[in-house]
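# Summary of structural features
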Amino acid sequence: LHLARRNAQHANEGLSPAHPRYNDAAALLGGGLAHAAKSRTVSRRWRDFVVEERCGDAFGELRKRWHCGRELARLGRRDPCQALEVLGGGGSKGAANRGLCFFVTRCGQYIIKQESSATLRTLDNVAKTYAARASVQGSLLPRLVGAYTVRSNTTTTHWLVMANTFAGAPKIKAVYDVKGSTAGRRTRPKKGTLKDLDARDDAAQLRCYGSGEVVEALSGDTRVLEQLRLLDYSLLVGVCEPGLFGGWRAARYKKRDRGTRMLVCRDRGFLVVGLIDVLQPWTWAKVAEYYCRGALR
């Protein structure tokens, strides 16, 4: 709770030395991302920290495919205060309550998310299969570009680095987190990230062209996730305003592979869709939650 309060105090601000995870972030940049142009699973010492790159071979190949290794290496050589901002509300409420931190790069292209040790153990088991599917053209899996464990004499933290889904897109006016469930899936008051029942209420403005290709890509992605027993993911839908330069920004956005699809709405504007939070294994706790929610309906 103390870490959650401290992180909330710094939300939506530049990362400062007063932040409780400042030193871990500095070690992640200097000992991890600064070497992102290489593709090896190694541990490196950075000052008083040891930075272990997880699944380096798989992520190294993906960074080469997506041409982001050098960009991440340049980011890793910068000062954390200049490179990162604290992202308020960047993850789930549960993760925020556990004191997990979320950073976004100043350029807005990448999100750095603190994760649990269980999540990275899951990633160790599925990394090769994930990389094989994510490298397929048109896949909607999130673009994970690195995973790191940062250790000091007193703490151990785990981090995921991923492409920011909405970076470079036209202005986002509404975001929906869709899980395919109805229990507790309505946001009231209607602000912030909306959910399944809100999307059903707003179905008219979400009608778009070319959805058949998205459904086909989703079918392939979800089959792989089901085989890996990763069943608690979400479909993120962003509604973009066309604006004065909306068409030009949409064309630029489409050129970069972010694991998303941009669709033209039937009314006006665009939709950006992609999968998020795919590293949630279907454990006994999730099974119990599923049946408890069903019993309460």
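Residues numbered from 1 in each chain as written. Predicted model: local features only at pLDDT ≥ 70, side-chain atom pairs only at ≥ 80, totals over all residues. Heavy atoms only, no water.

Here we come to the overall build of the protein chain. Along the backbone of the protein chain there are 11 helices and 12 strands. Considering the protein chain as a whole, with its 297 residues, one finds that 49% of them fall into the buried category. Across the protein chain, every contact between residues at least 6 apart in sequence was considered, and the portion connecting residues at least 24 apart equals 66%. Accessible surface for the protein chain amounts to roughly 15,500 Å². Of this, 50% is attributable to carbon and sulfur atoms. (Helix = DSSP H or I, 4+ residues; strand = E, 2+ residues; numbered from the N terminus. Buried < 20%, exposed > 50% of the residue type's maximum accessible area, 1.4 Å probe, protein only. Contact = heavy atoms within 4.5 Å. Areas by Shrake-Rupley, 256 points an atom, 1.4 Å probe, with all protein chains shown as cover.)

Let us now look at the packing of aromatic side chains. Enumeration over the complete set of coordinates arrives at 1 aromatic pair. Consider the rings of Phe-103 and Trp-159, whose centres lie 5.7 Å apart with planes at 15 degrees: the pair is stacked. With Phe-103 in strand β4 (residues 102-105) and Trp-159 in strand β7 (residues 156-163), this residue pair connects regions lying 56 residues apart in the sequence. Here Phe-103 and Trp-159 have matching classes, each one buried. (Phe/Tyr/Trp six-rings, centres within 6.5 Å; stacked < 30°, edge-to-face > 60°.)

Moving on, we come to helix α7 (residues 117-134). At Val-126, α7 shows its maximal kink, close to 65 degrees. Looking only at α7, the buried set comprises Thr-119, Leu-120, Thr-122, Leu-123, Val-126, Ala-127, Tyr-130, Ala-131, Arg-133 and Ala-134. Residues of α7 that are buried sit in contact with β2 (49-54), α3 (56-66), β5 (110-115), β6 (144-151), β7 and α9 (211-227). (Bend = angle between axes of the 7 residues up to and from the residue.)

Our next topic: the environment of Lys-179. Turning to its location among the elements, Lys-179 is positioned in the loop between β8 (172-178) and β9 (193-194). Its relative accessible area of 36% is what places Lys-179 among the partly exposed residues. Along the chain, Lys-179 and Lys-195 lie 16 residues apart, while their C-alpha atoms are 8.0 Å from each other. With sequence-adjacent residues up to four places away left out, Lys-179 is seen in contact with Arg-185, Asp-196, Asp-232, Tyr-233 and Ser-234. In this structure the side chain of Lys-179 is engaged in a polar contact, spanning 3.1 Å, whose partner is the side chain of Ser-234. (Polar contact = N/O pair within 3.5 Å; in protein donor to acceptor, adjacent residues only side chain to side chain.)

This paragraph deals with the pattern of salt bridges. Applying the stated criterion across every chain, the model contains 16 salt bridges. Notably, a salt bridge pairs Glu-52 with Arg-151, separated by 3.0 Å at the nearest N-O pair. Of this pair, Glu-52 sits in strand β2 while Arg-151 sits in strand β6; the two residues are 99 residues apart in sequence, bridging distant segments of the chain. Across the pair Arg-185 and Asp-196 runs a salt bridge, and its minimum N-O distance is 2.7 Å. Linking Arg-185 in the loop between β8 and β9 with Asp-196 in helix α8 (residues 196-201), this pair joins segments that are 11 residues apart in sequence. The exposure classification of Arg-185 matches that of Asp-196, with both residues buried. (Salt bridge = Lys/Arg side-chain N within 4 Å of Asp/Glu carboxyl O.)

Strands sit in the order β1-β2-β6-β7-β5-β4-β3 across an open sheet of 7 strands; the sheet is antiparallel. What marks the edges here is a single partner per strand, and that holds for β1 (43-46) and β3 (84-86). On average, adjacent strands in this sheet sit at an angle of 25 degrees to one another, irrespective of strand direction. Two strands pair when backbone bridges link them, and β3 and β4 are joined in this way by 3 bridges, in the antiparallel orientation. Residue Leu-84 lies in a different strand from β4, and its bridge partner there is Thr-105. Taken strand by strand, α3 contacts β2 and β6, and its axis lies near 140 degrees from that of β6. (Pairing = 2+ DSSP bridges. Axes fitted to C-alpha atoms, helices over the stretch in contact; angles between N-to-C directions.)

When the pLDDT values of the protein chain are averaged, the result is 83; 82% of them are 70 or greater. Helix α1 (residues 2-9) is the least confidently modelled element of the protein chain, averaging 43 in pLDDT, while β6 averages 95, the highest of any element. Per-residue pLDDT stays below 50 along residues 1-12; that stretch engages in 23 contacts with residues further than four places along the chain or on separate chains. (pLDDT = per-residue confidence, 0-100.)

Turning our eyes to something else, we now look at the pairing of strand β11 (residues 261-264). As paired elements, β11 and strand β12 (residues 270-276) share 4 bridges and run antiparallel to each other. Residue Met-262 lies in a different strand from β12, and its bridge partner there is Val-272.

Moving on: the environment of Ala-199. Tracing the chain through its elements places Ala-199 in helix α8. With 21 residues separating them along the chain, Ala-199 and Val-178 place their C-alpha atoms 7.9 Å apart. With residues near it in sequence (within four places) discarded, Ala-199 still touches Tyr-176, Val-178 and Leu-206.

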